[in-house]
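# Structural characterization, general
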Amino acid sequence: MKSFLLSIIKPSGLWARILVFLTLAGIVAAGLTGHFELLREYLDTEALTYQVGDIRISAYTVLRGILVLALVFWTAAILSDLIEKRLARFGRMRKTTRVLVTKVFQIVLYILSGLVALDLIGLDLTTLTVFGGALGIGLGFGLQKVASNFVSGLILLFERSVEEDDLIELPDGTSGFVRRSSARFILIETFDGKEVLVPNEDFITNRVTNWTLSSSKARVEVPVGVAYGSDLEKVHALMLEAAREHPRCLDDPEPVCFLRTFGDSSIDFLLYFWISDIVDGRMAPQSEVMFAIWRKFGENGIEIPFPQRDVHIRTGLPGREEPQREPGDGGDA
């Protein structure tokens, strides 16, 4: 039942064709048999007429308006569905470009359909200035966020800065893949399966990290500390060897290893290596390289220390004697 009602409000595909065909057939049959004149005689009477200033609204006018609006907007829905299916066949066109062209076409089509419908009904289009003023006030007070998100969505489609299947990271730490773009929000699927709806405006006004905008390559960092007394040249060579042996490590850029600091308990190194596709994940290659470093260090007698502290307990200051107390002296009274 729900799908049937949605098909009536916004018909598409087979339902749209059936509804439009039946409506057109009914209108043509009614016109040929003279039933419109009969309807006009019964519905366009003073008893069924409501006067608002210079505007005269009768039951016949309302019925004719409903028919005109239904025909015009159902036809627009069919054209929109047809254009969307035709654009889907263009494999060379990017998905976001198809979405943008479809949305722009739908906006223009429905605006023109509304104007045509109002003109066919017989309403003076100059009265739209009053409606435009009311709409402006509504946007200024209650619908400014809706309008902002809609415009932001169009800007994102034009710029192609956020597309479907991109891996993005938001300032609040939310990370995941873009699964769908709409006029109001962008749907992000996080790594733990959550679906987060983010308003389009947030992508325009905030700093957003897109890991796959122009390249899917990513750098992996592996910090390692070794004990004092270790052969630092050997440590450097073993860490680079562990990275190069990994199948996802790229030769260009090649892996690099730096000696960073002489810490309190260890000498700290930092290994960098690159992978070709961040969509496949960075944690797995990082973990596997760390396992390889651990094995190589064990085979070569290199120790990875843990923090240590030497504690010296002193009972008193040198050169000073503890004050002696008289027997029975319990301190100050």
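Higher on the page you've got the structure.
Below you will find a few notes about this structure. (Residues numbered from 1 in each chain as written. Predicted model: local features only at pLDDT ≥ 70, side-chain atom pairs only at ≥ 80, totals over all residues. Heavy atoms only, no water.)

Let us look at the sheet that holds strand E4 (residues 175-181). Strand order in the open sheet made by the five strands is E6-E5-E4-E3-E7, with antiparallel pairing throughout. A single partner strand is all that each edge strand has here, and the edge strands are strand E6 (195-199) and strand E7 (209-210). Taken together, the five bridges between E4 and strand E5 (residues 185-190) define a ladder with antiparallel strand orientation. Along E5, the bridge assignment pairs Gly-176 with Thr-190. (Pairing = 2+ DSSP bridges. Helix = DSSP H or I, 4+ residues; strand = E, 2+ residues; numbered from the N terminus.)

With respect to the helices and strands, Thr-174 occurs in the loop between strand E3 (167-169) and E4. You can call Thr-174 buried: its relative accessible area is 19%. Here Asp-172 takes part through its side chain, which lies 3.1 Å from a polar atom of the side chain of Thr-174. In this view, Thr-174 contacts Ile-168, Glu-169, Thr-190 and Val-196; residues no more than four positions away in its chain are not counted. (Buried < 20%, exposed > 50% of the residue type's maximum accessible area, 1.4 Å probe, protein only. Polar contact = N/O pair within 3.5 Å; in protein donor to acceptor, adjacent residues only side chain to side chain. Contact = heavy atoms within 4.5 Å.)

Here the focus is the packing of aromatic side chains. Here the distance between the centres and the angle between the planes together describe a pair of aromatic rings. A full pass over the atoms with the stated rule returns two aromatic pairs. Taking the centre distance of 5.9 Å and the plane angle of 90° together, the rings of Phe-177 and Phe-191 count as edge-to-face. Of this pair, Phe-177 sits in strand E4 while Phe-191 sits in the loop between E5 and E6, and the two are 14 residues apart along the sequence. Accessibility expressed as a relative area gives 59% for Phe-191, which makes it exposed. Ring geometry for Phe-258 versus Tyr-272: centroids 6.1 Å apart, planes at 70°, classification edge-to-face. Of this pair, Phe-258 sits in strand E9 (residues 256-262) while Tyr-272 sits in strand E10 (residues 267-275), and the two are 14 residues apart along the sequence. Stacked on the ring of Tyr-272, the Lys or Arg Arg-219 has its end atom at 3.9 Å from the ring centre. (Phe/Tyr/Trp six-rings, centres within 6.5 Å; stacked < 30°, edge-to-face > 60°. Lys NZ or Arg CZ within 6 Å of the ring centre and 35° of its normal.)

With that settled, the discussion passes to the nonpolar core. The nonpolar side chains of soluble globular proteins are, as a tendency, buried together. Of all hydrophobic cores here, the largest spans 26 residues; its most connected members are Val-226, Met-239, Leu-271, Phe-273, Ile-293 and Phe-297. Mapped onto this core, the elements with two or more residues apiece are strand E8 (218-226), helix H9 (232-244), E10 and helix H10 (283-299). Beyond its immediate stretch of four places on either side in the chain, Met-239 contacts Val-222, Val-224, Cys-257, Phe-269, Leu-271, Ile-293 and Phe-297. Among the nonpolar cores identified, the runner-up in size contains nine residues, and Val-162, Ile-186, Val-198 and Phe-203 belong to it. (Core = buried A, V, L, I, M, F, W, Y, C linked by side-chain atoms within 4.5 Å.)

When the terminal C-alpha atoms of helix H7 (residues 144-159) are compared, their 22 Å separation across 16 residues agrees well with the 22 Å that a helix rising 1.5 Å per residue should span. Listing the buried residues of H7 in full gives Asn-149, Ser-152, Gly-153, Leu-154, Leu-156 and Leu-157. Backbone geometry just downstream of H7 places Arg-160 in the positive-phi region, at approximately 60°. (Expected span 1.5 Å × (residues − 1).)

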